[in-house]
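Listed below, chain by chain, are the residues.
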Amino acid sequence: MNELVGALGWLIPVALLFLLFISGVRIVTEYQNGVVFRLGRYVGLKRAGFRWLIPFVERMVIIDLRTVARDVPPQDVITKDNVSVKVNAVVYFRVIQADKAVLQVEDYLYATSQIAQTTLRAILGQVELDDLLSQRERINHELQQVLDARTDPWGVKVSNVEVKHIDLPFEMQRAIARQAEAERERRAKIIAAEGEHQAAEKLALAADVLSRNPATLQLRYLQTLVEITSGGNHTILPIPLELLRAFGAVPARPFRPEEAREEEEDEDASHGPS
């Protein structure tokens with residue numbers, strides 16, 4: 001009986017020491033850092049691996065170091081040219097200094113989300129609607145730089161900001177559609193005019209080449225007849241080009257009043273008194 005009591009006297013302290021040791025064991029994974037406080041005072045960081053804390057004296061806050069993607073809720077933005085739009089975005093960030101993320105801000109996730117919303121409204125309010133729609137890369141880069149500078153004291157690195165969706169009013173959508181349609185019509189007219197201009201230049205060059213050698217004009221005439229007859233049953237009466245040239249070579253003499261007056265005077269002189 002005395003031996004049992006003696007054994008229990010040794011076993012109970014050992015069990016208490018074992019439980020005390022187990023209560024101080026912490027496992028920190030590879031993508032985490034532990035911020036350690038001893039009696040409320042910051043004493044350092046714990047990296048990945050097996051870690052032991054002094055029970056009831058030390059406390060550790062685990063911070064995830066992986067990249068976090070947070071949606072920015074749709075924000076009502078008035079652009080520089082006074083157009084009201086709804087814009088939402090997504091922010092990619094991660095903690096690079098776990099001690100600052102715990103010591104400098106209460107909740108770095110909530111704080112980063114809130115500052116992303118205010119920055120989105122502030123930056124997009126300084127650009128016009130056309131720039132917002134066409135220069136998305138520049139705006140994303142500017143948002144990323146501003147957010148990164150504001151979250152740097154918290155040990156948070158903003159790696160990327162992407163504007164996902166821009167909700168335009170229906171009237172503005174119709175106006176943009178009409179503008180795009182007018183622009184396409186303008187381009188079509190310009191292309192057609194340029195085509196007519198080039199065709200006229202080529203026809204002038206072709207006429208110049210054909211006028212230098214009469215044989216080429218004859219060959220072109222025969223080729224045109226072949227193209228006409230190839231489309232179906234047609235009756236063609238060919239006219240020799242020499243005949244056309246003969247008609248074209250007789251110039252039409254213009255009528256002049258002076259000649260008519262001279263002819264009348266000659267007739268009066270010939271019918272005078274004999």
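Quantities reported herein were computed from a predicted structural model and do not represent experimental measurements. (Residues numbered from 1 in each chain as written. Predicted model: local features only at pLDDT ≥ 70, side-chain atom pairs only at ≥ 80, totals over all residues. Heavy atoms only, no water.)

(A) Spatial organisation of unusual backbone geometry. For L39, which is not a glycine, the phi torsion comes out positive at approximately 55°. Looking at the element boundaries, L39 is found in the loop between β2 (32-38) and β3 (41-46). Owing to a relative accessible area of 70%, L39 belongs among the exposed residues under this scheme. Residue F56 is not a glycine yet carries a positive backbone phi of 65°. Positionally, F56 belongs in the loop between β4 (49-52) and β5 (58-64). (Helix = DSSP H or I, 4+ residues; strand = E, 2+ residues; numbered from the N terminus. Buried < 20%, exposed > 50% of the residue type's maximum accessible area, 1.4 Å probe, protein only.)

(B) Structural context of a nonpolar patch on the surface. Together, I12, L16, F18, L19, F21, I22, I27, F50, W52 and I54 line one region of the surface with nonpolar side chains, adding up to about 1000 Å² of accessible area. Contributing elements (two or more residues each) for the nonpolar patch: α1 (2-23) and β4. A per-element tally of the nonpolar patch places α1 first, with six residues. Note on placement: I54 falls in the loop between β4 and β5. We classify I54 as partly exposed; its relative accessible area is 33%. (Patch = residues over 30% accessible without salt bridge, like charges linked within 9 Å, V, L, I, M, F, W, Y side chains within 5 Å. Areas by Shrake-Rupley, 256 points an atom, 1.4 Å probe, with all protein chains shown as cover. Salt bridge = Lys/Arg side-chain N within 4 Å of Asp/Glu carboxyl O.)

(C) The packing of aromatic side chains, seen in detail. Under the defined criterion, the tally for this structure stands at two aromatic pairs. Summarising the aromatic geometry, the rings of F21 and W52 are spaced 6.0 Å apart at their centres and angled 20° between planes, so their arrangement reads as stacked. Remark: W52 occurs in strand β4 and F21 occurs in helix α1; sequence separation between them is 31 residues. Relative accessible area serves as the criterion here: at 40%, F21 is assigned to the partly exposed category. Here F37 and Y42 contribute two aromatic rings whose centre-to-centre distance is 6.3 Å and whose plane-to-plane angle is 65°, an arrangement assigned as edge-to-face. Owing to a relative accessible area of 9%, F37 belongs among the buried residues under this scheme. On the accessibility criterion, Y42 (30% relative accessible area) is partly exposed. In this arrangement the basic side chain of R66 is found over the ring face of Y31, its NZ or CZ atom lying 3.9 Å from the centre. (Phe/Tyr/Trp six-rings, centres within 6.5 Å; stacked < 30°, edge-to-face > 60°. Lys NZ or Arg CZ within 6 Å of the ring centre and 35° of its normal.)

(D) Just the pattern of salt bridges, in detail. Here the structure, examined in full by the defined rule, presents eight salt bridges. The partner of K164 in a salt bridge is D71, with the nearest N and O atoms 3.1 Å apart. Here K164 is found in strand β8 (residues 156-167), whereas its partner D71 is found in strand β6 (residues 68-78), with 93 residues between them in sequence. Assessed through its relative accessible area of 45%, K164 is described here as partly exposed. The shortest N-O distance in the salt bridge between E183 and R187 comes to 3.2 Å. Here E183 pairs with R187, and both are found in helix α6 (residues 170-212), just four residues apart, close to one helical turn.

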